[in-house]
Amino acid sequence: MYSSTSAGGATARRLGLPLALVSALSFGGSGTAAKPLIEAGLSPVHVVWLRVTGAALVLLPLAYRHRRALRERPGLLVGFGLLAVAGVQACYFAAISRIPVGVALLIEYLGPLLLLGYVKYVQRRPVTRAAMIGAGVAVAGLACVVQVWNGLAFDALGVLFGLAAACCQVGYFVLADAGREGDRPVDPMAVSAYGLLIGAIVLTAVTRPWEADWGVLGGRVVMNGFSLPALLPAAWMILVATVIAYLTGVASVQHLSPPVAGVVANLEAVVATVAAWVLLGERLGTPQLVGGLLVLVGAFAAQTSKPASLETAEAVEAVEAVEAVEAVEADSPAVAPAGDRTGETAAFGGAPLVSASVAGPAEPVGVAERPDHR
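Quick notes on the rules
- Residues numbered from 1 in each chain as written.
- Predicted model: local features only at pLDDT ≥ 70, side-chain atom pairs only at ≥ 80, totals over all residues.
- Heavy atoms only, no water.
- Helix = DSSP H or I, 4+ residues; strand = E, 2+ residues; numbered from the N terminus.
- Buried < 20%, exposed > 50% of the residue type's maximum accessible area, 1.4 Å probe, protein only.
- Polar contact = N/O pair within 3.5 Å; in protein donor to acceptor, adjacent residues only side chain to side chain.
- Contact = heavy atoms within 4.5 Å.
- Patch = residues over 30% accessible without salt bridge, like charges linked within 9 Å, V, L, I, M, F, W, Y side chains within 5 Å.
- Areas by Shrake-Rupley, 256 points an atom, 1.4 Å probe, with all protein chains shown as cover.
- Salt bridge = Lys/Arg side-chain N within 4 Å of Asp/Glu carboxyl O.
- Axes fitted to C-alpha atoms, helices over the stretch in contact; angles between N-to-C directions.
- Parallel < 35°, antiparallel > 145°, perpendicular 65-115°, else oblique.
- Left-handed = near helix turned anticlockwise from the far one by under 90°.
- Nonpolar A, V, L, I, M, F, W, Y, C, P; charged D, E, K, R; others polar.

## Remarks on the overall build of the protein chain
Moving on, step 1. Within the protein chain, the regular secondary structure consists of 18 helices and 4 strands.
Moving on, step 2. In the protein chain, which comprises 374 residues, the proportion classed as buried is 46%.

## A word on the side chain of H46
Moving on, step 1. Within the secondary structure, H46 sits in helix α3 (residues 44-58).
Moving on, step 2. Here R208 takes part through its backbone oxygen, which lies 3.4 Å from a polar atom of the side chain of H46.
Moving on, step 3. Filtering out sequence-adjacent residues up to four positions away, H46 remains in contact with T207, R208, P209, E211, A212 and W214.

## A short note on a nonpolar patch on the surface
Moving on, step 1. A grouping of V274, W277, V278 and L279 is seen on the molecular surface, where their side chains present a nonpolar patch of about 330 Å² in accessible area.
Moving on, step 2. Here W277 is to be found in helix α14 (residues 267-280).

## Some remarks on the packing of α3 against helix α12 (residues 231-253)
For any two helices packed against each other, the geometry comes down to the angle between their axes and how far apart the axes lie.
Moving on, step 1. At a closest axis distance of 9 Å, the pairing of α3 and α12 adopts a crossing angle of 65°. Taken together, the axis directions place α3 and α12 in an arrangement best described as roughly perpendicular. Handedness of the α3/α12 crossing: right-handed. Residues V47, L50, R51, G54, A55 and V58 of α3 pack against A234, M237, I238, L239, A241, T242 and V243 of α12.
Moving on, step 2. Grouping the amino acids of the contact of α3 with α12 by side-chain chemistry returns 10 nonpolar, 2 polar and 1 charged.

So, in structure tokens, the structure goes:
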């Protein structure tokens, strides 16, 4: 997950951060494109089905090109489709049917905090304090963005659905990262293509799209007082908010650590709010502006944190190797030249392996050259 050298890690982060930002920007526009279609007569679940299925069809050539991945890593691809695509969407819409949208969104975006816990306690990988603080600040800012206090309501089942969506979001980052591990790594494009394809199949069984009035797509919709063809926001939702969003998002996780990518993904809520302000005429209040700033600060804090790398592990192993050699040499004194009583010097950092006080007197030459008769 991390580069073995600082230069390689810096390069990966320089590439991963723009990908994560593009993904957040793309995901953030999905709600703005979907709302005119919902107001025109399509149900939210049918809009989700349209989004996922349309993207799956667009990526079918990629799925065919990477068909070998389905044979080599079927569990990974099926898991991504069930959790990262179908699971997140189904659980989120089930949550908003019972609790306010702002509350459901906040619960879903507890995912980065849950992800940090998963990485630390399940994968047993180090998590920096900056990443923890960044995730906490980002979630606090998200609470301001969605103005959770304006619609706080407690429904046990709705909260459980929201938590399930957060757990599925964790699966998105964990499985995207797992694609590059093992003896048979999977191309990020294959993960996205098959994930959307499998998600579309699952959502087809759940949403029953044949019951929708798809004639809406042939008409016009209204966005912030302007009339435009319904196919325009539908195309944006499929091509940008889903295809580009998933392709860049999965790729970014494989260049960044999952916790960092997860916190940067919180920018999606800020983008969604700003897009609704510009394109739908929904005004931003002071709490939302402050919240957006907090999300940016939290994402920046997490992104600039430097996770423990293999380079650090190698340095620790080098020190342990030196200590092991010292212990062996202490038990079995090395032969030192008669004129040199200062001992040897280790290759690591010039640490002495055998000092004069440890090496003891040199063996007589005759003993040292005597053949071993054992």
